[in-house]
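Residue strings, one per chain:
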Amino acid sequence: MMTEDKNPGIMLKPLVFRVDENTPEVVKNVLLERGWNKYNENVQDVGDWNLYWRTSAFRMIDHSNVKPWQRLNHHPGTTNLTRKDYLERHLKHMKGIFGASLYAFSPLTFIMPSDYIKFVAEYSREKEALGTKPSYWICKPAELSRGRGIIIFSDLKDLIFDCATVVQKYISNPFLIARYKCDLRIYVCVPGFRPLTIYLYQEGLVRFATEKFDLNNLKNNCAHLTNSSINKTGASYKKNKEGVGRGCKWTLSKFFAYLRNQDVDDLLLWQRINHLVILTILSIAPSVPFASNCFELFGFDILIDDKFKPWLLEVNVSPGLSLDCSTDVLVKRKLIHDIIELMHFNQTHLRKTKKEPGKASGHWPHISWTEGDKDRVRETSKHWCKISWTEGKKDRDHEISGQRTNFSHFGQKNRVHASSRYMSHNKESHNSSNIFSSLDFKGKVYNRNSSALQKKVRGFPKETFCAKSRERKVSKDTLPSAFPKIRNRQTTFKSFHHFPSSESYKKKKNITPYFLSDKGTRPCSHVGDFVLIFPFNEATLAATENGLDLKKVIHELQKLVNKQPKPEAEDKTKKT
Ligand code: ADP
């Protein structure tokens, strides 16, 4: 069985996960594969688990009772993004403050019944402008998912609703592949809202409608809705559909490869998606209550139109993790592995036992935490970015500094790494050099393996906060003032080049999303296939340090957006 860590001389407890009846099987299986144990409430205490993963939100009491060594997979307050009417309210609020153009990725939306009069006015205005041409709208229940209760209409008399609903402009010019409509399921992980940190997953899903797109038949859900729950029961699901294949899903990388073949500037599209994700999360970030030790995995549903403009359709918490087809297996299993990596469960301080050579590592409940241990972990958790210092520094000592990765294909190199990684977890350190030697590194690798420094970076149990401060000072004196530039196709924000590249993290297991550098506390740029998209430069990092300076962040984003060609204008996404 694979275990999370092998640290000679330190007995490590297996980590323990807690689930409920709705926790996706893939989560349980991945954790078991990684050597975790399943929590048994009949024989274990409430403090004996490390990760509680459930589909529904936690109660506030669960958040307040969480122990420093525990993590919950939901953050309070995130339903503000995931209910369609709440999302619209938040985006509208942002448009009011920062201007509609920045938030133009959201289709015109009316919340029913309160906006009914406004909607009718807009409907009539558009009808008049279009003359005999029809206009298209989509009506979606605010709280339902999986395409349930959705109607698409062009005539006002077909609008029916009996619950909280949104009526939205129907994007009637979607990007089609062989005349099939598709949308993107983009995974986003927020390891914390304070300070706000956003990771975008480079792999994802493309979900296809299984009937050809046809505006003359608005009632055919299998042509207009891309939900797999709808299409997998459709008559054409199993057929080998020309240009799309069997089933209704592609990986995101296959989609981007397809775009590149069509000579589309996939990087520009990806940048627009980055901005959309950040701007959307910013709309709720200031109102999210403070809660430590939790993270959120979001599923963004994004439709691309025929001008390659991404449109935000909705945001899901607990995005579907069922494995319905081989594409799901490919994407979702690795996604869970990478989330576990991102959440830094590997850190030995979360699971150490007493040093007992020759004895098998104890099971979590048998470990007696000393008060000192508990305090330290509590402290660590409060400043969890800081505990990674030794790891971050070791990391840099080993190989950081200047790899310039040359990714010839979107995410491909990471996937090469990924497929090998979990197959031979125990041999990872061994294999990694082989894996990475196949990567296309350009640039200098500094070996800063000073033995004096190594002594200082000895990890647990010698590490104390005093010691860490000393280490920090030593490293300030010893390490270079900034890392050389990292530039690759996955990170669209080229100016933020002081983070170490993912390669440094791939060579070791004890990774955390944060580390201390000589420039202060910084999140990692990559963990697995997760890429940091926020903060994205020095200014936005500074803008998260003492609460979130929204104005400053938007200002920085606006600068980036201004540099891009406008998607509404000529189709600039096509390479010239
Ligand atoms: P649900 O939560 O029920 O899945 P979504 O908002 O994700 O609701 O919509 C379901 C599907 O309907 C989407 O995957 C997409 O294919 C289609 N859809 C939703 N909104 C629009 C829109 N404004 N324009 C075009 N298609 C849309």
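Residues numbered from 1 in each chain as written. Predicted model: local features only at pLDDT ≥ 70, side-chain atom pairs only at ≥ 80, totals over all residues. Heavy atoms only, no water.

## Some words on the overall build of the protein chain
Then step 1. Helices and strands together make up the secondary structure of the protein chain, namely 20 helices and 20 strands.
Then step 2. Residues counted as buried form 58% of the 576 residues belonging to the protein chain.
Then step 3. For the protein chain, restricting intrachain contacts to residue pairs at least 6 apart in sequence, the fraction spanning at least 24 positions comes to 71%.
Then step 4. Surface exposure of the protein chain reaches about 24,400 Å², of which carbon and sulfur atoms provide 52%. (Helix = DSSP H or I, 4+ residues; strand = E, 2+ residues; numbered from the N terminus. Buried < 20%, exposed > 50% of the residue type's maximum accessible area, 1.4 Å probe, protein only. Contact = heavy atoms within 4.5 Å. Areas by Shrake-Rupley, 256 points an atom, 1.4 Å probe, with all protein chains shown as cover.)

## A short note on the pairing of strand 20 (residues 530-534)
Then step 1. Among the five residues that make up strand 20, five are buried, leaving the element largely enclosed by the rest of the structure.
Then step 2. The pairing of strand 11 (residues 196-208) with strand 20 spans four bridges and is antiparallel. In the sheet register, Tyr199 faces strand 20, and the bridge partner there is Leu532.
Then step 3. Pairing of strand 19 (residues 526-527) with strand 20, which is carried by two bridges, proceeds in the antiparallel orientation. Bridge assignment links Val527 to a residue of strand 20, and that residue is Phe530.
Then step 4. A loop of two residues connects strand 19 with strand 20, the two strands running antiparallel in sequence, and Gly528 in this loop sits at a positive phi of about 55°. (Pairing = 2+ DSSP bridges.)

## Examining the site of the ligand
Then step 1. Near the ligand, the surroundings consist of 23 residues, among which Lys140, Gly147, Thr226, Asn227 and Glu314 are the closest.
Then step 2. Between Lys84 and the ligand, the recorded distance is 2.8 Å, taken from a side-chain N or O atom to an oxygen atom.
Then step 3. Thr226 places a side-chain nitrogen or oxygen 2.7 Å from an oxygen atom of the ligand.
Then step 4. In isolation the ligand has 540 Å² of accessible area, and contact with the protein removes 99% of it.
Then step 5. Counting only elements with at least two residues in the shell around the ligand, the list comes to strand 6 (137-141), strand 8 (165-169), strand 10 (180-193), strand 13 (296-304) and strand 14 (310-317).
Then step 6. When grouped by side-chain class, the residues that make up the shell around the ligand number eight nonpolar, six polar and nine charged. (Near = heavy atom within 4 Å. Polar contact = N/O pair within 3.5 Å; in protein donor to acceptor, adjacent residues only side chain to side chain. Nonpolar A, V, L, I, M, F, W, Y, C, P; charged D, E, K, R; others polar.)

## Quick look at the side chain of Thr327
Then step 1. Mapped onto the elements of the fold, Thr327 is located in helix 10 (residues 326-342).
Then step 2. Those residues in contact with Thr327 that sit more than four places away from it in its chain are Leu205, Lys249, Trp250 and Thr251.

## Considering unusual backbone geometry
Then step 1. Along the chain, Arg194 connects to Pro195 via a cis peptide bond; the corresponding omega equals 0°.
Then step 2. Mapping Pro195 onto the fold places it in the loop between strand 10 and strand 11.
Then step 3. The residue after Phe534, namely Pro535, is reached through a cis peptide bond having omega 0°.
Then step 4. Position of Pro535 relative to the elements: it lies in the loop between strand 20 and helix 19 (538-542).
Then step 5. Positive phi, normally seen in glycine, also occurs at Arg146, with a value near 55°.
Then step 6. Looking at the secondary structure, you find Arg146 in the loop between strand 6 and strand 7 (151-153).

## What about the sheet that holds strand 8?
Strand pairing in a sheet relies on backbone hydrogen bonds, with the paired strands running either antiparallel or parallel.
Then step 1. Pairing is antiparallel in the open sheet, where four strands are placed in the order 5-8-6-7. Each end of this open sheet is capped by a strand with a single partner; those strands are strand 5 (109-112) and strand 7. Strand after strand, the sheet turns through a mean of 20° between neighbouring axes, direction not considered.
Then step 2. Of the strand pairs in this sheet, strand 6 and strand 7 are connected by three bridges, and their pairing is antiparallel. (Axes fitted to C-alpha atoms, helices over the stretch in contact; angles between N-to-C directions.)

## Some remarks on helix 10
Then step 1. The first and last C-alpha atoms of helix 10 sit 24 Å apart over 17 residues, in line with the 24 Å expected at 1.5 Å per residue.
Then step 2. Helix 10 sits mainly inside the fold: 13 of its 17 residues count as buried.
Then step 3. After helix 10 finishes, the residue His344 shows a positive phi value of roughly 55°. (Expected span 1.5 Å × (residues − 1).)

## What about the sheet that holds strand 1 (residues 16-19)?
Then step 1. The four strands are arranged 2-1-3-4 in an open sheet whose pairing can be described as parallel. At either margin of the open sheet sits one strand with a lone partner, and together these are strand 2 (37-38) and strand 4 (71-72).
Then step 2. Direction of pairing for strand 3 (residues 51-53) relative to strand 4: parallel, over a ladder of two bridges. By the bridge assignment for strand 4, Leu51 is matched with Arg71.
Then step 3. Against the sheet, helix 1 (residues 25-33) makes contact with strand 1 and strand 3, and its axis sits at roughly 170° relative to strand 1, the strand it touches most.

## Examining the pattern of salt bridges
Then step 1. Taken as a whole and judged by the stated rule, the model has 22 salt bridges.
Then step 2. In this structure, the salt-bridge partner of Lys232 is Asp324, at a minimum N-O distance of 3.0 Å. Of the two residues, Lys232 sits in the loop between helix 7 (228-231) and strand 12 (249-251) while Asp324 sits in the loop between strand 14 and helix 10, which places them 92 residues apart along the sequence.
Then step 3. A relative accessible area of 34% places Asp324 in the partly exposed class.
Then step 4. Its salt-bridge partner being Lys552, residue Glu556 comes within 3.7 Å of it at the nearest N-O pair. With Glu556 and Lys552 both in helix 20 (residues 550-563), this residue pair falls four residues apart, about one helical turn.
Then step 5. You can call Glu556 buried: its relative accessible area is 7%.
Then step 6. Among the ionic contacts, a cluster of salt bridges with common partners joins Asp183, Arg185, Arg207 and Asp301. (Salt bridge = Lys/Arg side-chain N within 4 Å of Asp/Glu carboxyl O.)

## Some words on the packing of aromatic side chains
Ring pairs (aromatic) are described by centroid distance and by the angle formed between their planes.
Then step 1. Evaluated as defined, the whole model comprises 19 aromatic pairs.
Then step 2. Where Tyr52 meets Phe58, the ring centres are 5.0 Å apart and the plane angle is 70°; that geometry is what we call edge-to-face. Per residue, the accessibility class of Tyr52 equals that of Phe58, and both read buried.
Then step 3. A ring pair is formed by Phe298 and Phe300, whose centres lie 6.3 Å apart and whose planes are at 80°; its orientation type is edge-to-face. The same class applies to Phe298 as to Phe300, namely buried.
Then step 4. Following the ring pairs from residue to residue traces out a cluster consisting of Phe110, Phe119, Tyr123, Trp137 and Phe153.
Then step 5. Taking the ring centre of Tyr86 as reference, the NZ or CZ of Arg83 above it sits at 4.4 Å.
Then step 6. Positioned over the ring face of Trp137 is Lys169, at 4.4 Å from the centre of the ring. (Phe/Tyr/Trp six-rings, centres within 6.5 Å; stacked < 30°, edge-to-face > 60°. Lys NZ or Arg CZ within 6 Å of the ring centre and 35° of its normal.)

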